[in-house]
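# Commentary on secondary and tertiary structure
In case you want the letters, here they are:
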Amino acid sequence: MDCALLKPPEEVRGMLELNREAFRKHIKLPRLRVPERDSNKVLPLLKKLLLKMEKLRPVRPLSEMEGDIQSTMREILLHPLAVKSWDCLPTAELEKHNIESGNFYYADLELNYDNWRADEIFKSVLPIEDEGLTSYSRIGHIVHLNLRDHILPYKDLIGQVLLDKVPGCRTVVNKAATIDNTYRNFQMELICGEQQYQVETIENGILFEFDFSRVYWNPRLSTEHERITKMLNSNDVLYDVFAGVGPFSVPAAHKKCWVLANDLNPESYKWLQHNGKRKKCLAHMKTFNKDGRAFLLEDVKPDLLKRWKEDNTKNYQIHITMNLPAMAVEFLDVFRGFLNADEAKDFLNQTLNYPTVHVYSFAKGEDTKTRVRELVEENLGLPLGENLEGIHFVRNVAPKKDMYRVSFRLTKDILLTTAKATSQQIQLKRAASVLLEEDLNIANKVKC
């Protein structure tokens, strides 16, 4: 219930330096006095009418003297918006327990800084006319912010409030610049707390450890990490091109998939190995520290050819993850002509177990789903057709900017074709694919 009476004082609006004492205010609050022996019977009747605020017990002991005998009573704090008089209460039910109008009264209550959540503090302090602090990320003991320019003057106050209000928080940082394209790590500014960036965090039941200031980690991708992990079964193969500290690779190896995991950042590579060792799954995971293009050509290709030669059954699936959304699509041209004539000759008459590529990308504009497919096809240099397994929305990054996963199977044509298709050829194939998809949808509706 939105109640002005229960909000912080108006005087704190625009506060730049946290003054906890300025949040004190006195209000008149409805209450109900109940004998302790009856409180367990009365409370269920008032459950939806109780005053619920941070560090404020809505039911409190209250000792009174009745003649020479001390009687223990309970005082129940009621929400002032829901309860304005005795008649707002379930009077008939209360009277059955000898609780009458005389038990209802108003009394003064002091509220203070401790009684409001962090978001309530921010709403009361930050400018009304501008967008406030809408969210933050939590990574172990670190709270990570991405403050807009108009909120920066309040950063010290925001940091202190989060340090006070978020359980276990010891460090508050603000993203100071865009992600470094080489090593994918944030440039950050310490706002408040300890300059300690080595964290432990649990994602999908697995403990990860890393230095947050030197690697890339985004807790908002945990659901997507889980989606990919759930696709994998024991004995499947995962080639993780931009592995980071292992959010795809470590769970996959733990499921006894065969994993080749790579990251260019030496710090990410160090923690990738550490997390695999900690989860005792390095027997199923080989790690590499090199450029993604080199990894695909020097390590993935030989491993793939070996698997095709030794065991080309379809009893297992092969997946390639490319989670570097700012630039992963730029590596897709590696797959066009991935195999030369000598490498391919032994497999020309075989039906191969082709890998599924999961490439992540940002897309800007009105129709971001169409745009992300265009980006994949333009960089692959070939159109996607029946081998397109899906275009999956991952998250909104900013207004008119979304992150997607495009999943498609590699084909013989892709692996052997060196020539890049023209834009017109790609558009024609895309149009044909869309028409086919529409026909399938119509057919499915008719069947239903």
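Since the model is a prediction, treat every value here as computed from it, not as a measurement.

What counts and how
Residues numbered from 1 in each chain as written. Predicted model: local features only at pLDDT ≥ 70, side-chain atom pairs only at ≥ 80, totals over all residues. Heavy atoms only, no water. Core = buried A, V, L, I, M, F, W, Y, C linked by side-chain atoms within 4.5 Å. Buried < 20%, exposed > 50% of the residue type's maximum accessible area, 1.4 Å probe, protein only. Helix = DSSP H or I, 4+ residues; strand = E, 2+ residues; numbered from the N terminus. Contact = heavy atoms within 4.5 Å. Phe/Tyr/Trp six-rings, centres within 6.5 Å; stacked < 30°, edge-to-face > 60°. Lys NZ or Arg CZ within 6 Å of the ring centre and 35° of its normal.

The biggest cluster of nonpolar side chains holds 47 residues, and the ones touching the most others in it are Trp308, Met322, Leu332, Phe335, Val359 and Phe408. Secondary-structure elements contributing two or more residues to this core are β11 (237-240), α8 (292-310), β14 (318-322), β15 (356-364), α10 (368-380), β16 (388-398), β17 (401-409) and α11 (412-416). Element by element, the count of residues in this core is highest for α8, at six residues. Not counting chain neighbours up to four residues away, the residues in contact with leucine 332 comprise Met322, Val357, Val359, Val376, Asn379, Leu380 and Phe408. Counting 36 residues, the second largest nonpolar core, distinct from the first, contains Ile121, Leu145, Leu147 and Val172.

Under the counting rule described, the total for this entry stands at 11 aromatic pairs. Pairing phenylalanine 288 with phenylalanine 295 gives two aromatic rings, centres 5.4 Å apart and planes at 50 degrees, and the pair type is tilted. An identical accessibility class is assigned to phenylalanine 288 and phenylalanine 295; each is buried. Through a chain of ring-to-ring contacts, three or more aromatic side chains come together here, namely Phe23, Tyr113 and Trp116. Here the basic side chain of arginine 20 rests over the ring of tyrosine 113, its NZ or CZ set 5.5 Å away from the ring centre. Of note, lysine 301 hangs over the ring of phenylalanine 338, and the distance from its end group to the ring centre comes to 5.7 Å.

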